[in-house]
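Structural description and commentary
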Amino acid sequence: MIVTYHPVKMPLRHTFTIAHGSTSVQESFIVELSHDGKSGFGEATANPYYGVTVPKMTEQLESVRSLIESGSWKTPEEFHQALLSTGKLKAFTLCALDLAFNDLYGKLQGKPLYKIWGLDGSKGPISNYTIGIDTVENMVAKMKEVPWPLYKIKLGTKEDIRIIEELRKNTDAVFRVDANCAWGVDETIANSRALKKLNVQFIEQPLKADDLDGMKRVFAESELPVIADESCQVEADVDKCFNHFHGINIKLTKCGGLTPARRMIARARELNMSVMMGCMTESSVGISAIAQVVPLLDYVDMDGALLLAEDPANGVQVTPSGLIFPNENGTGASLK
């Protein structure tokens, strides 16, 4: 197997703002694994909030290059475990490699991953389209630019309810809101009452990631379901979120790829928790990987590539009515 990586800088259509900060150009790390004339692609984006940079991911990959290029694995699970056991990779780098191996595995098998797993690609929820924090006028303009039946609205300001009230005047679309850890306990409970009246579906990560005591009260008193994001990063977090959140939002980059993500989905189902999968502002490489598990999800947020001014990759297309899979095997991803 041969390892290649492609650092890319991806300008966004609009500056994207959440409670953690703003981004106008997204850096990403695309990994390519080649074997027997086939190439598999994986991706992880740089993320200042988690201290992840492209140079750090590059350094980590180089530390395991000889292992990858000299090794032989039959399944993605074997490959993931071999990399994990080195102790040299953080989750984001592990994710990029895991996605690339999964894609390569599918291409070598001659099937899309979801078919290998016995799933029906035509099933599953549609993705939301995300509106970042901005002036109300700009947020309305972004909704009009991309008409969609389901929006995720980023919040975390002192005017959050007013923002949703104003946006509601412009669309009948279902809203989800994501506070990205910016609210307090009483604030969340009060907001849940107001937001329920505004046709909001659920609240994502209202409190700080480690405030599980606060979440226990929110879980009991919120009038809307609450979904864990920053509080649920790795496999062990699923059990921690039980009876504190109604569901979890899995991010491939945070948990280390599709391999652990599928186990997280299974565990959440055992606990009767709802399951969402989210994305970063990433190319169609990362988005196409998410698409493979959409039939297993209740909710999905996979609009990352739609937020880019130009996508460096081809793959699964995200539309207001569902996914369009390319005539490709693996995850369906390729570089332009």
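Please read these numbers as outputs of a predicted model, since none were measured by experiment.

What counts, and where the lines are drawn
- Residues numbered from 1 in each chain as written.
- Predicted model: local features only at pLDDT ≥ 70, side-chain atom pairs only at ≥ 80, totals over all residues.
- Heavy atoms only, no water.
- Pairing = 2+ DSSP bridges.
- Helix = DSSP H or I, 4+ residues; strand = E, 2+ residues; numbered from the N terminus.
- Axes fitted to C-alpha atoms, helices over the stretch in contact; angles between N-to-C directions.
- Contact = heavy atoms within 4.5 Å.
- Buried < 20%, exposed > 50% of the residue type's maximum accessible area, 1.4 Å probe, protein only.
- Right-handed = clockwise from strand over helix to strand, strands pointing away.
- Phe/Tyr/Trp six-rings, centres within 6.5 Å; stacked < 30°, edge-to-face > 60°.
- Salt bridge = Lys/Arg side-chain N within 4 Å of Asp/Glu carboxyl O.

1. A word on the sheet that holds strand β1 (residues 2-18)
Here three strands make up an open sheet; going across it, the order is β1-β2-β3 and the pairing antiparallel. Pairing within the sheet leaves two strands with one partner each, and these edge strands are β1 and β3 (38-45). Going from strand to strand, the sheet's axes swing by 25 degrees on average, the running direction of each strand aside. Packing of helix α1 (residues 54-70) onto the sheet brings it into contact with β1, β2 (21-35) and β3, and relative to β1 it is tilted by some 155 degrees.

2. A short note on the pairing of strand β7 (residues 200-204)
Within β7, four of the five residues are buried, which leaves the element mostly enclosed by the surrounding structure. The pairing of strand β6 (residues 174-178) with β7 spans three bridges and is classified as parallel. When the sheet's bridge partners are listed, V177 is paired in β7 with I203. Pairing of β7 with strand β8 (residues 226-228) involves two bridges; the strand directions are parallel. Paired with I203 across the bridge in β8 is V226. With helix α8 (residues 212-221) bridging β7 and its parallel neighbour β8, the resulting β-α-β unit is right-handed.

3. Here we look at the pairing of strand β9 (residues 247-251)
On a regular strand, each side chain points to the face opposite its neighbour's, so the side chains alternate between the two faces of the sheet. The element β9 is extensively covered by neighbouring structure, given that five of its five residues are classed as buried. The side-chain alternation of β9 yields two buried faces, one formed by G247, N249 and K251 and the other by I248 and I250. Sheet analysis places β8 next to β9, joined by two bridges and oriented parallel. Among the inter-strand pairings, I227 is bridged to a residue of β9, identified as G247. Alignment of β9 against strand β10 (residues 274-278), held across five bridges, turns out to be parallel. Paired with G247 across the two strands is S274, which belongs to β10.

4. Describing the environment of V140
Here V140 shows up in helix α5 (residues 136-145). Among the residues examined, V140 registers a relative accessible area of 11% and is labelled buried. Remark: the alpha-carbon pair of V140 and L212, spanning 72 residues in sequence, is separated by 34 Å. The residues touching V140, leaving out its near neighbours within four places in the chain, are L167 and N170.

5. A few points about the sheet that holds β10
Read from one edge to the other, the open sheet built from eight strands follows the order β4-β5-β6-β7-β8-β9-β10-β11, with strand pairing classed as parallel. Lying at the two open borders of the sheet, with one neighbouring strand each, are β4 (129-131) and β11 (299-300).

6. What about the packing of aromatic side chains?
For the coordinates displayed, the defined rule picks out nine aromatic pairs. Measuring from ring centre to ring centre gives 4.3 Å for F79 and F101, while their planes differ by 10 degrees; the resulting arrangement is stacked. With F79 in helix α2 (residues 76-84) and F101 in helix α3 (residues 91-109), this pair connects stretches of sequence that are 22 residues apart. Each member of the pair F79 and F101 is classed as buried.

7. What to know about the pattern of salt bridges
A side chain with one charge may pair with a side chain of the opposite charge, provided their charged atoms come close. Counted under the stated rule, the structure contains 22 salt bridges. For R65, the salt bridge is made with E69, and the minimal N-O distance between the two is 3.0 Å. Taken together, the residues span about one helical turn, with R65 and E69 both in helix α1 at a distance of four residues. Residue classification places E69 among the partly exposed positions, given a relative accessible area of 31%. Across the pair K251 and D229 runs a salt bridge whose closest N-O atoms are separated by 3.1 Å. Of the two residues, K251 is situated in strand β9 and D229 in the loop between β8 and α9 (237-241); the sequence distance between them amounts to 22 residues. The pair formed by K251 and D229 is uniform in burial state, with each residue classed as buried. Connected through salt bridges with shared partners, the residues K152, K154, D178, E204 and D301 form a single ionic network.

8. Some thoughts on the side chain of Q205
Inspection of the secondary structure puts Q205 in the loop between β7 and α8. Those residues in contact with Q205 that lie beyond four places of it in its chain are D178, A179, N180, C181, I227, A228, D229, E230, S231 and F245.

9. Here's the deal with unusual backbone geometry
Even without a glycine there, the phi angle at N199 is positive, about 60 degrees. Along the chain, N199 turns up in the loop between α7 (185-196) and β7. Judged by relative accessible area, N199 falls into the partly exposed class, the value being 39%. Within the chain, N243 stands out as a residue other than glycine whose phi angle is a positive 65 degrees. Within the element layout of this structure, N243 appears in the loop between α9 and β9. The class for N243 is partly exposed, based on a relative accessible area of 36%.

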